[in-house]
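Working through the structure, step by step
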Amino acid sequence: MQFRKNNPVSAGQAKIDQDIATAEDAHPGFNSHTRQRAFTLFALLVFLVAAAGLSYGAIIGSAHRITTDNAYVNAELAQVTPLVSGAVADIKVKDTQFVHEGDVLVVLDDKDLRLSVARAEAHFWQAQRRVRGYFANDLALGAVIASREAALTSAGADLAHIEREYARRQNLARDNAISKEELAVAGNRVDQATAALSVAQAQLELARADRDANRALIDDTTLQNHPEIKAAEVQLQQAEWNLERSVIRAPLDGLIAKRSVQIGQRVQAGATLMNIVPLHEVFVSANFKEVQLKDVKVGQAVTLKADLYGDQYIYNGKVAGIAGGTGAAFAIIPAQNATGNWIKVVQRLPVRIEIDPNQLRQRPLRIGLSMETTIHLEK
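A brief look at the structure comes next. (Residues numbered from 1 in each chain as written. Predicted model: local features only at pLDDT ≥ 70, side-chain atom pairs only at ≥ 80, totals over all residues. Heavy atoms only, no water.)

**Remarks on the nonpolar core**
With 31 residues, the main nonpolar core has Leu105, Val106, Val261, Met274 and Ile276 as its most contacted residues. Of all the secondary structure elements, the ones that give two or more residues to this core are strand 2 (78-80), strand 3 (86-91), strand 5 (104-108), helix 3 (111-174), helix 5 (227-244) and strand 9 (274-277). Sorting elements by how many residues they give to this core places helix 3 first, with seven residues. Here Val106 is in contact with Val88, Asp90, Ser246, Val247, Ile248, Val261, Leu273 and Met274, once residues within four sequence places are set aside. Within the second largest apolar cluster, 28 residues are counted, among which are Ala75, Leu279, Leu293 and Leu304. (Core = buried A, V, L, I, M, F, W, Y, C linked by side-chain atoms within 4.5 Å. Buried < 20%, exposed > 50% of the residue type's maximum accessible area, 1.4 Å probe, protein only. Helix = DSSP H or I, 4+ residues; strand = E, 2+ residues; numbered from the N terminus. Contact = heavy atoms within 4.5 Å.)

Shown next as structure tokens:
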């Protein structure tokens, strides 16, 4: 590389050479070996200054960021489970296949479910006819009550007439105008008319009770909102939903993983058939030491490197949240630190990091992949 004559570095080097030449002339013992040692000391000094600068930069930089390679890609998996039991008639997907929300995954044999729908439909129409009968009975029982009221009125009139006749015969009997036998016959007619009146009254009360019982089934209702019809309608709707659920669809976009179902297998409601990994919504769980997390806050910028792509691609993300406890705290068998000999172990706390979705589309990740994570702390 050529320097201009007025270059200060070139001028400085020329002055050093001139000084060395002058020293050699003035001091014959100042030879090339001495010059070499001087250059070596100068180079060592430069190296020490550069190393000190780099160390200072590393120390100052590390105070504003924390890094860990104990970080892994994670995702909130969607488990595909049937809502009804049945035999598997067809499977539309395979492991590693990408599916969209609503795509058919598994088809169950629906013969029994179709019978259930037919049975529920029959029950629904029966309920409608039964409720119509309740409303028709109300009209019929109203006519019966009117008839019983008329019969009661007639029985009352008959009793009043017979009582008057009996009173007249009693007066004639005192004058010995009629025989005692005729008077007794008149008395029996009074008893019969009284009994007939009581029967008519009882029949009227019975008709009213029948109408009250029937009205208890239809009061404040119509054919559209009667409880029996609504219950039958709900049963029919449930049967139709169960039939629709015999076709199992993808709940979201993602990659099929861990498919365990096979054709012909009888599956129970709630059994896991496969998982769907939402690749566009993966995140990183970075397990930082507890002593590193003093200044970590939600929203801080994060840079990440995946072992899959190496140092050639840097992901950008942000801190989405810090776990509520360490892995040991949520273990199936948590540590019993209050018993036996105790040795302190620095704990790690998971930090959830969300990645730029645009970068995920360009460089997809898979759950479980290793990541190197650096959080840039805010000061």
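**A look at helix 5**
With 18 residues, helix 5 should cover 26 Å at 1.5 Å per step; its first-to-last C-alpha distance of 25 Å lies within 8% of that length. Within the span of helix 5, buried status applies to Ile229, Ala232, Leu236, Ala239, Asn242 and Leu243. Buried residues in helix 5, looked at end-on, bunch into an arc of 150°, giving them a common side. Exposed positions of helix 5 whose direction lies more than 90 degrees from the buried face are Pro227, Val234 and Glu244. On its buried side, helix 5 packs onto helix 3 and strand 6 (247-249). (Expected span 1.5 Å × (residues − 1). Arc of directions from axis to C-beta.)

**A short note on a negative patch on the surface**
On the surface, Asp210, Asp212, Asp219 and Asp220 cluster together into a negatively charged patch. Following the sequence through the fold, Asp212 ends up in helix 4 (residues 180-215). (Patch = residues over 30% accessible without salt bridge, like charges linked within 9 Å, V, L, I, M, F, W, Y side chains within 5 Å. Areas by Shrake-Rupley, 256 points an atom, 1.4 Å probe, with all protein chains shown as cover. Salt bridge = Lys/Arg side-chain N within 4 Å of Asp/Glu carboxyl O. Lys, Arg positive; Asp, Glu negative; His and termini not counted. Charge placed at Lys NZ, Arg CZ, Asp CG, Glu CD.)

**What about the side chain of Thr68?**
Relative to the helices and strands, Thr68 is located in strand 1 (residues 65-74). Judged by its relative accessible area of 6%, Thr68 is buried. Polar side-chain contacts of Thr68 include one of 3.0 Å to the backbone nitrogen of Asn70. In contact with Thr68, not counting residues within four places along its chain, are Ala286, Asn287, Phe288, Arg348, Met371, Glu372 and Thr373. (Polar contact = N/O pair within 3.5 Å; in protein donor to acceptor, adjacent residues only side chain to side chain.)

**Side note on the packing of aromatic side chains**
The tally for this structure, following the rule as stated, stands at four aromatic pairs. Between the aromatic rings of Phe124 and Trp125, the centroid separation amounts to 5.2 Å while the plane-to-plane angle is 65°, which identifies the pairing as edge-to-face. Since its relative accessible area comes to 12%, Phe124 is described here as buried. With 6.4 Å between their ring centres and 50° between their planes, Tyr309 and Tyr315 make a pair best called tilted. Among the residues examined, Tyr315 registers a relative accessible area of 0% and is labelled buried. Taken together, the aromatic side chains of Tyr309, Tyr313 and Tyr315 make up a single cluster linked through ring pairs. Here the guanidinium or amino end of Arg352 rests over the ring plane of Phe283, the centre of that ring lying 3.7 Å away. Over the aromatic face of Tyr309 sits the side chain of Arg363, whose NZ or CZ is 6.0 Å from the ring centroid. (Phe/Tyr/Trp six-rings, centres within 6.5 Å; stacked < 30°, edge-to-face > 60°. Lys NZ or Arg CZ within 6 Å of the ring centre and 35° of its normal.)

**Focus on the environment of Pro251**
Summarising the element assignment, Pro251 is placed in the loop between strand 6 and strand 7 (254-257). Note: C-alpha distance between Pro251 and Gly102 (149 residues apart in sequence) is 6.3 Å. Ignoring any residue separated from it by four or fewer positions in sequence, one finds Pro251 in contact with Ala78, Val80, Glu101 and Ile276.

**Some thoughts on the sheet that holds strand 2**
A sheet is described by the order of its strands in space; here four strands give the open sequence 2-9-7-4, paired in antiparallel fashion. Where the open sheet ends on each side, the last strands, each with one partner, are strand 2 and strand 4 (98-99). Direction of pairing for strand 2 relative to strand 9: antiparallel, over a ladder of three bridges. Within strand 9, the position partnered with Ala78 by the bridge is Ile276. (Pairing = 2+ DSSP bridges.)

**With respect to the packing of helix 3 against helix 4**
For the pair helix 3 and helix 4, interaxial distance at closest approach is 8 Å and the crossing angle is 165°. Compared by their axis directions, helix 3 and helix 4 come out roughly antiparallel. For the pair helix 3 and helix 4, the crossing hand works out as left-handed. Class assignment of the residues belonging to the contact of helix 3 with helix 4 gives a composition of 20 nonpolar, nine polar and 12 charged. (Axes fitted to C-alpha atoms, helices over the stretch in contact; angles between N-to-C directions. Parallel < 35°, antiparallel > 145°, perpendicular 65-115°, else oblique. Left-handed = near helix turned anticlockwise from the far one by under 90°. Nonpolar A, V, L, I, M, F, W, Y, C, P; charged D, E, K, R; others polar.)

**Some thoughts on the pattern of salt bridges**
Going through the model one piece at a time under the given rule, you end up with 15 salt bridges. Asp90 is paired through a salt bridge with Lys92; the nearest N and O atoms lie 2.8 Å apart. For Glu165, the salt bridge identified is with Arg168, shortest N-O distance 2.9 Å. Here the residue Glu165 and the residue Arg168 both occupy positions in helix 3, the gap between them amounting to three residues, near one helical turn.

**Observations concerning the pairing of strand 1**
Bridge count between strand 1 and strand 14 (residues 370-376): six bridges; the pairing is antiparallel. Bridging from a neighbouring strand, Thr68 pairs with Thr373 of strand 14. Here strand 1 pairs with strand 10 (residues 283-289) via four bridges, running antiparallel. Note that in strand 10 the partner of Ala71 across the bridge is Ala286.

Scope: geometric values only; no functional claims are made or implied.
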